[in-house]
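Coordinates in review
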Amino acid sequence: MAKIPVQFMLNGAEKAEFIDSGTTLLNALRDKIGDTSPKGGCHQGTCGACSVIIDGELRLSCLTLAETCNGAAITTTSGLSQGGVLHPLQRAFLDAFATQCGFCTPGMLMAAKVLLDHTPDPSRDEVVEALSGNICRCTGYEPIIQAVLTAARSNSQNAA
Amino acid sequence: MELRKSYFADQRTDDLHEIGQPRPRSDSPGHVTGKTAYFADRNFPGMLHLKMVRSPHHHARIRSIDTSEAQKHPGVVKILTAKDVPHNVYTILILIQIGPEDETVLADGKVRWKGEAVVAVLAETERAAQEAAAKVKVDYEVLPAVFDMEEALKPSAPVVNEYHGRNYYLYDSGECRKVRFGDVEAGFAGADHVLEQTYQSSPIEHAPTETTGCIVAPEGNDRFTCYTNTQAMFFTLDNASIILQMPGNRLHFVGGTVGGGFGGKVDVIVEPIAILGAKLTGRPVSFIYSREEEMQISSPRAAEKVVIKDGVMKDGRIVARKVTGYTDAGAYSRHSPYGAQKGAGHYPGPYTIPNVWIDTYCVYTNRTPSSAMRGFGVTIGDFALEVQMDKLARLIGMDPLEFRFINAYRDGDIKAHRQPTEGAALIECMQEASRAANWPVAEKFMAISSYAKGA
Ligand code: FES
Ligand code: FES
């Protein structure tokens with residue numbers, strides 16, 4: 001099968017690959033580029049584990065064709081910490097026991113990051129709404145919601 | 001959280017340093033940075049993908065299997081049927097001498113539930129494996145099926161599993177696991193009230209976010225490394241060794257990181273066939289359940305039916321309890337004979353009852369095989385028991401918490417299965433619950449302890 005070239009920025013670094021037409025971004029990231037931080041929980045757009053940020057917007061990488069990402073800027077959980085320093089959301093997830101098995105965590109972090117990028121001081125309802133596309137079977141959600149609210153507060157303190 | 005030191009004060013020699021303190025989980029830093037390695041995060045050059053051809057029928061004889069068209073599909077490398085599996089008929093609890101072997105790795109002559117694995121297709125890509133699987137032709141003769149436990153126990157019911165020859169598990173105690181203690185009929189005869197109720201539950205799927213699967217890599221030295229999300233590493237290794245007739249020292253299992261399990265990943269389902277595929281092709285093999293397979297194929301918690309009959313006195317004492325429990329194993333045993341047996345020991349609940357009669361049945365039906373899930377064998381039973389306790393309290397006009405204090409077991413009480421109670425803490429838990437929930441009970445109940453009656 002003829003391969004298609006794709007090229008995009010992943011967590012600030014240039015990436016280029018030849019892929020089969022129809023390859024999902026999730027499979028391209030995991031199997032070709034080697035970033036396994038997005039997880040495949042359903043491959044059909046229902047669990048949110050594969051969530052990534054494409055040009056500032058939250059996207060399900062299992063429903064995004066890699067070939068449509070040419071020239072895009074993509075962020076995944078593996079790019080969240082900078083220079084070994086955890087992002088406030090990562091810190092808050094650690095402190096609030098917002099991870100158990102951890103399989104939903106990368107997707108949750110992506111959804112939470114997009115929320116805080118757009119809405120730095122969200123209400124609890126806004127957090128719940130922002131995470132509504134992400135399934136967690138372990139934590140019961142409450143610690144995750146608390147972690148996002150905590151991260152928002154620590155962000156605004158840093159800004160002040 | 002406050003930990004009250006008045007409870008079991010004589011056993012509390014020191015301050016507790018860890019309990020009640022938040023301590024970071026050792027695996028969280030990996031989770032929040034995306035560095036935790038789940039089994040599917042491994043990728044090997046030349047890896048094949050395995051897809052199963054599954055039974056569309058609940059119960060059918062297999063007349064023939066034709067893989068010729070599938071074999072020709074571009075990308076197909078190997079197709080496996082029952083005859084390729086060295087020891088095809090197995091049962092996981094054989095490791096603790098609970099037989100007979102009653103389940104096939106790949107169906108041989110018959111399918112007993114809708115979704116049963118019949119043919120395994122290994123191909124260069126997932127898509128090629130899926131497309132080729134659709135080209136496998138299986139000729140079935142559909143047989144009558146049974147889905148209800150009471151129907152299955154009738155003599156006229158079709159036999160689900162010939163390895164048992166009857167639709168229930170035969171314990172050494174007979175058709176069910178039995179507990180006999182005191183004289184239950186005399187207890188009912190002397191009771192002020194008798195209440196019999198039936199409780200039922202449906203199968204429950206664990207639905208972990210990470211689906212069941214494994215990746216197997218053949219090593220150069222004729223060993224196989226199996227990256228898996230099993231919740232039962234050595235149990236799976238030993239069963240794989242039996243199924244593959246391969247010494248355990250040729251199998252290297254890597255795991256322990258599970259993306260949610262809840263008991264749903266203790267069956268030995270994906271590993272043996274993936275290792276066999278790797279052995280016969282010499283290539284790495286990935287076998288990962290789709291979300292649909294996780295929901296439809298992986299074993300759920302068993303459906304249960306519990307009939308509880310209690311004799312109770314006006315003063316609150318339960319004087320007799322008779323329980324008949326049914327566990328729907330589905331078509332194969334897996335962990336269900338053990339679950340049903342656990343129920344037998346558990347049904348008196350944390351209460352001291354002088355006359356007890358318990359029968360628990362492990363029943364075979366043409367439903368998806370059930371297995372372990374969080375306290376299987378006792379969780380549904382506890383639901384039934386505690387609802388029953390509330391109903392009994394209402395029947396005699398007593399506060400439900402006080403009713404439980406009256407019947408709570410204490411150290412030294414002999415349980416129905418003849419074990420003395422040790423380390424009981426139900427009374428103390430209920431005292432604390434009474435305070436925390438602001439549900440006051442009579443002062444005398446706040447003064448008693450689990451140590452001894454009358455204390
Ligand atoms: S894997 Fe994309 S939503 Fe589940
Ligand atoms: S932590 Fe396991 S699914 Fe969320």
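Residues numbered from 1 in each chain as written. Chains lettered and ligands numbered in written order. Predicted model: local features only at pLDDT ≥ 70, side-chain atom pairs only at ≥ 80, totals over all residues. Heavy atoms only, no water.

For chain B, an unreviewed UniProt entry supplies the name Aldehyde oxidase and xanthine dehydrogenase, a/b hammerhead domain and the organism Mesorhizobium muleiense.

Going by an unreviewed UniProt entry, chain A carries the name succinate dehydrogenase and comes from Mesorhizobium muleiense. Its UniProt record gives chain A a comment under Sequence similarities (unreviewed entry), which states: "Belongs to the succinate dehydrogenase/fumarate reductase iron-sulfur protein family." (UniProt positions renumbered as here; feature names shortened; annotations may be inferred.)

So, about the side chain of B:Asn161. All names here are of chain B. Residue placement: Asn161 occurs in the loop between helix H4 (149-152) and strand E9 (177-181). Note on Asn161: relative accessible area 0%, which makes it buried. When near neighbours in sequence (up to four residues on either side) are disregarded, Asn161 contacts Asp102, Arg112, Arg166, Asn167, Ala331 and Tyr332. (Helix = DSSP H or I, 4+ residues; strand = E, 2+ residues; numbered from the N terminus. Buried < 20%, exposed > 50% of the residue type's maximum accessible area, 1.4 Å probe, protein only. Contact = heavy atoms within 4.5 Å.)

Glancing now at the nonpolar core. All names here are of chain B. Core analysis: the biggest nonpolar cluster contains 53 residues, and Leu106, Ile273 and Ile275 have the highest contact counts within it. Here this core spans two domains, since at least three of its residues come from each of domain 1 (48-143 + 211-296) and domain 2 (177-203 + 300-398). Residue contacts for Ile275: discarding those within four places in its chain leaves Val216, Phe224, Cys226, Ala240, Leu244, Leu251 and Phe253. Listed in part, the 35 residues of the second largest apolar core include Tyr199, Ala344, Leu392 and Met446. (Core = buried A, V, L, I, M, F, W, Y, C linked by side-chain atoms within 4.5 Å. Domains from an automatic or database assignment.)

This part takes up the UniProt feature "domain: Aldehyde oxidase/xanthine dehydrogenase a/b hammerhead" (unreviewed entry) in chain B. Those places that UniProt annotates as "domain: Aldehyde oxidase/xanthine dehydrogenase a/b hammerhead" (unreviewed entry) correspond, in this numbering, to residues 33-144 of chain B. Between the end C-alpha atoms of residues 33-144 of chain B the distance is 53 Å, and the span holds 12% helix and 34% strand.

Residues and elements named next belong to chain B. Here we have seven strands laid out as an open sheet, ordered E3-E7-E1-E14-E11-E12-E13, and mixed in their pairing. In the strand order of this sheet, the two ends are held by strand E3 (76-80) and strand E13 (251-254), each with one partner. Going from strand to strand, the sheet's axes swing by 25° on average, the running direction of each strand aside. The pairing of strand E11 (residues 213-218) with strand E14 (residues 285-288) spans four bridges and is classified as antiparallel. Looking at E14, one finds that Ile215 is bridged to Ser286. Here helix H3 (residues 126-133) sits on the sheet and contacts strand E1 (48-54), E3 and strand E7 (117-123); the angle it forms with E1, its principal contact strand, is near 25°. The strands touched by helix H6 (residues 233-244) are strand E12 (224-228) and E13; relative to E13, the strand with the most contacts, the crossing angle is about 150°. (Pairing = 2+ DSSP bridges. Axes fitted to C-alpha atoms, helices over the stretch in contact; angles between N-to-C directions.)

Glancing now at the interface of chain A and chain B. In this complex, chain A contributes 26 residues to the contact, which on the side of chain B involves 27 residues. A combined buried area of about 2,100 Å² lies between chain A and chain B, and 56% of that area is made up of carbon and sulfur atoms. Linking chain A with chain B are two salt bridges, by the criterion used here. Close ionic contact of A:Arg30 with B:Asp41 constitutes a salt bridge, the shortest N to O distance being 2.8 Å. Put simply, chain A and chain B have 15 residue pairs in polar contact (both at pLDDT 80 or more) between them. Those elements that place two or more of their residues in the side of chain A that touches chain B are helix H1 (25-33), helix H2 (88-95) and helix H3 (105-118) of chain A. (Buried area = accessible area lost by both parts, 1.4 Å probe. Salt bridge = Lys/Arg side-chain N within 4 Å of Asp/Glu carboxyl O. Polar contact = N/O pair within 3.5 Å; in protein donor to acceptor, adjacent residues only side chain to side chain.)

The subject of this paragraph is the packing of H6(B) against helix H7 (residues 271-281) of chain B. Residue and element names in this part refer to chain B. Taken N-terminus to C-terminus, the directions of H6 and H7 make an angle of 55°; their axes are 9 Å apart at the nearest point. With respect to H7, the element H6 is oriented oblique. When you trace H6 past H7, the crossing you get is right-handed. Two secondary-structure elements touch here, H6 through Thr236, Ala240, Ile243 and Leu244 and H7 through Glu271, Pro272, Ile275 and Leu276. Tallied by class, the residues present in the contact of H6 with H7 amount to six nonpolar, one polar and one charged. (Parallel < 35°, antiparallel > 145°, perpendicular 65-115°, else oblique. Left-handed = near helix turned anticlockwise from the far one by under 90°. Nonpolar A, V, L, I, M, F, W, Y, C, P; charged D, E, K, R; others polar.)

We now examine the pattern of salt bridges. Between side chains of opposite charge, a pair can form as their charged atoms come close. Applying the stated criterion across every chain, the model contains 32 salt bridges over all chains. Residues A:Lys3 and A:Asp20 are paired through a salt bridge, measuring 2.7 Å at the closest nitrogen-oxygen approach. Residue A:Lys3 is found in strand E1 (residues 3-10), and its partner A:Asp20 is found in strand E2 (residues 13-20); the two are separated by 17 residues along the sequence. Linking A:Lys113 and A:Asp117 is a salt bridge whose minimum nitrogen-to-oxygen distance equals 2.8 Å. Of the two residues, A:Lys113 and A:Asp117 are both situated in helix H3; the distance of four residues between them amounts to about one turn of the helix. Residue classification places A:Lys113 among the buried positions, given a relative accessible area of 18%. It is possible to trace a salt-bridge network through shared partners that takes in A:Arg30, A:Lys39 and B:Asp41.

Before going further, it helps to spend a moment on the domain arrangement of chain B. All names here are of chain B. Here chain B is partitioned into domain 1 (48-143 + 211-296) and domain 2 (177-203 + 300-398). A straight line from the C-alpha centre of domain 1 to that of domain 2 covers 36 Å. Every contact between the two is made by 19 residues of domain 1 and, on the other side, 15 residues of domain 2. Here domain 1 packs against domain 2, burying approximately 1,500 Å² in sum over the two surfaces, 56% of which is carbon and sulfur. Along the contact surface separating domain 1 from domain 2 lie two salt bridges. A salt bridge links Arg334 to Glu103, with the shortest nitrogen-to-oxygen separation between them at 2.6 Å. Along the contact surface separating domain 1 from domain 2 lie nine residue pairs in polar contact (both at pLDDT 80 or more). Within the side of domain 1 that touches domain 2, the residues separate by chemical class into seven nonpolar, seven polar and five charged.

Another point: the domain arrangement of chain A. Residue and element names in this part refer to chain A. Split by domain assignment, chain A resolves into domain 1 (3-79) and domain 2 (88-159). Distance from the C-alpha centre of domain 1 to the C-alpha centre of domain 2: 22 Å. In this complex, domain 1 contributes 17 residues to the contact, which on the side of domain 2 involves 13 residues. Taken together, the two surfaces of domain 1 and domain 2 that pack against each other cover about 1,200 Å², and 67% of this comes from carbon and sulfur. Our enumeration of links across domain 1 and domain 2 arrives at zero salt bridges. For the interface between domain 1 and domain 2, the tally reads three residue pairs in polar contact (both at pLDDT 80 or more). Of all the elements in the fold, those that place two or more residues in the side of domain 1 that touches domain 2 are strand E3 (51-54) and strand E4 (57-60). Among the elements that line the side of domain 1 that touches domain 2, the one with the most residues is E3, at three residues. When the residues that make up the side of domain 1 that touches domain 2 are grouped by side-chain class, the tally is five nonpolar, ten polar and two charged.

Right, let's get into the packing of aromatic side chains. Within the structure shown, the criterion is met by nine aromatic pairs over all chains. Seen from their ring centres, A:Phe103 and B:Tyr38 are 5.1 Å apart, and the 90° between their planes marks the pair as edge-to-face. In this pair, A:Phe103 is assigned in the loop between H2 and H3 and B:Tyr38 in the loop between helix H1 (28-33) and E1, connecting two distinct chains. Grouping residues by exposure puts A:Phe103 and B:Tyr38 together as buried. When the centroid spacing of 5.7 Å and the interplanar angle of 65° are considered together, the rings of B:Tyr338 and B:Phe376 count as edge-to-face. Taken together, the residues B:Tyr338 in helix H9 (residues 336-346) and B:Phe376 in the loop between strand E17 (356-364) and helix H10 (379-395) connect sequence positions 38 residues apart. Judged by relative accessible area, B:Tyr338 falls into the partly exposed class, the value being 36%. For B:Phe376, a relative accessible area of 13% gives the class buried. (Phe/Tyr/Trp six-rings, centres within 6.5 Å; stacked < 30°, edge-to-face > 60°.)

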